[in-house]
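# Examination of the molecular architecture
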Amino acid sequence: MRRLSRLVGTASAALALLASTAFAYPGPGHVTGDVVVHDPTMIRTSTGYVLYSTHGYLEARTSADRVAFSRAGSAFRTPPSWWRTYSSGNDPWAPDISQHGGRYLLYYAVSGFGSNHSAIGLATSTTGQPGSWSDQGVVYATTTSSDHNAIDPNLLVDSSGRWWLSFGSHWTGIRMIRLDPSTGKRLPGDGTLHHLATRPDAPHAVEAPHIVRHGGHYYLFASYDQCCAGTSSTYKIKVGRSTSPTGPYADRSGRSMLNGGGTTVLETHGRIVGPGGQSVMRDVDGDLLVYHYYDGADNGTPKLGINLLGWDADGWPYVR
């Protein structure tokens, strides 16, 4: 029995490793309806699933079953006036939704493509539904003289109850600040700007962090390479882990994510081109990877991808 157990464990690890290679990636789970999205974030509420994404005052979609999605307006009915400082088109990006202490929080970015004159905003709601959000203003901002970029926010509440916001795109990669749980904004008196991930090669193309805790580690998922170019997109999702929310993060081989490290979780395969802009959601049937990709069989249209995540015997995630 012990030998059989060892054989089964070895086989499971081998299958997990196989699942992490490009030729073995599964296709996205079956979704229907209005699924043309960028940078999706999703949560399950008492009335079903709500998904928010880039553009249109943060486009909203709802689903009763995580399969059929319908457009349901936007997070905001009208744009807050401060958006104009960072985006001439009032075009918010890359939302991040979560629920804590009976309220929903929606962090998001306002910027222009290729610029680090950017800001991260926060909105709150008691229901999480489109049109119900109250804007709380700017959480963190960068200027063209900054060496990093305030876009693609993600909230993490660590095992000690501390709140952290990771964010970043290109420039010097992924950064993190500590937040005050009572306000959802930067913790007064803590000016530390933690550095989590970057690449040695310009333009340091790593962005869209999302951090989750699993077992005794924190896992930093990030998008690498080029987004938003249809079938020419080279986006891919990589991951590293750390025992501390502030790092250091390293990949499966031990390479630091501050030196270009990252174990690939999902990349182009078949008609699924440039997957990225990801978030991770915990649902009743496990952890979900929620992302966009460009459909090579549909002129590169950006579409919603949802897959379950598995965790191998060594604690590394893979797409199921």
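Above this text sits the structure in question.
None of these values were measured; they are calculated from a predicted model. (Residues numbered from 1 in each chain as written. Predicted model: local features only at pLDDT ≥ 70, side-chain atom pairs only at ≥ 80, totals over all residues. Heavy atoms only, no water.)

### A few points about the side chain of Asn 90
Here is the rule: Labels follow the DSSP assignment, with helices taken as runs of H or I lasting at least four residues and strands as runs of E lasting at least two, numbered in each case from the N terminus. Contact criterion: two residues are considered in contact whenever any of their non-hydrogen atoms come within 4.5 Å of each other.
Here Asn 90 is to be found in the loop between strand S5 (68-74) and strand S6 (92-100). Among residues more than four places away in sequence, those in contact with Asn 90 are Tyr 57, Pro 79, Trp 83 and Arg 84.

### Some thoughts on the pattern of salt bridges
Applicable threshold: What makes a salt bridge here is a side-chain nitrogen of Lys or Arg within 4 Å of a carboxyl oxygen of Asp or Glu, nothing more. Burial here depends on accessible area, computed with a 1.4 Å probe over protein chains only, as a share of the maximum for the residue type. Under 20% is buried, over 50% is exposed, and the range in between is partly exposed.
Within the structure shown, the criterion is met by 15 salt bridges. Here Arg 282 makes a salt bridge to Asp 287, at a shortest N to O gap of 3.2 Å. According to the relative accessible area criterion, Asp 287 is buried, its value standing at 11%. Lys 303 serves as the salt-bridge partner of Asp 298, at 3.1 Å between the closest nitrogen and oxygen. When its relative accessible area of 30% is taken as the criterion, Asp 298 is described as partly exposed. On the basis of relative accessible area, Lys 303 is assigned to the buried category, the value being 18%.

### So, the state of the cysteines
Our working rule: The criterion for a disulfide is a pair of cysteine sulfur atoms lying within 2.5 Å.
Considering all chains together, one arrives at one disulfide under this definition. The residue that forms a disulfide with Cys 227 is Cys 228, at a sulfur-sulfur distance of 2.3 Å. Between Cys 227 and Cys 228 the disulfide shows an S-S torsion of about 70 degrees. By sign, it is right-handed. Overall, the relative accessible area of 11% leaves Cys 227 in the buried class.

### Focus on the sheet that holds strand S13 (residues 194-197)
Definition in use: Paired strands are those between which DSSP finds at least two bridges. In this description, a line fitted to the C-alpha atoms serves as the axis of each element, helices being fitted only across the stretch in contact, and the angle between N-to-C directions of two axes falls anywhere from 0 to 180 degrees.
Taken together, the four strands give an open sheet; going across it, the order is S10-S11-S12-S13, and neighbouring strands pair in antiparallel fashion. Of all strands in the sheet, those bounded by a partner on one side alone are strand S10 (154-157) and S13. Neighbour-to-neighbour, the strand axes of this sheet turn through a mean angle of 30 degrees, independent of strand direction. Inspection of the sheet shows S10 paired to strand S11 (residues 163-167) by four bridges, in the antiparallel sense. Looking across to S11, one finds that Leu 156 is bridged to Trp 164.

### Here we look at the side chain of His 210
To keep it simple, the criterion reads: Polar contact is the term for a pair of N or O atoms within 3.5 Å; when the atoms are in protein, one must be able to donate a hydrogen and the other to accept it, and sequence-neighboring residues count only if both atoms are side-chain atoms.
Examined against the element boundaries, His 210 turns out to sit in strand S14 (residues 206-214). By relative accessible area, which is 8% here, His 210 ends up buried. Within the structure, the side chain of His 210 is placed 3.2 Å from the backbone oxygen of Val 280, a separation counted as a polar contact. Not counting residues up to four positions away in its chain, the partners in contact with His 210 are Asp 96, Asn 154, Tyr 219, Leu 220, Phe 221, Gln 278, Ser 279 and Val 280.

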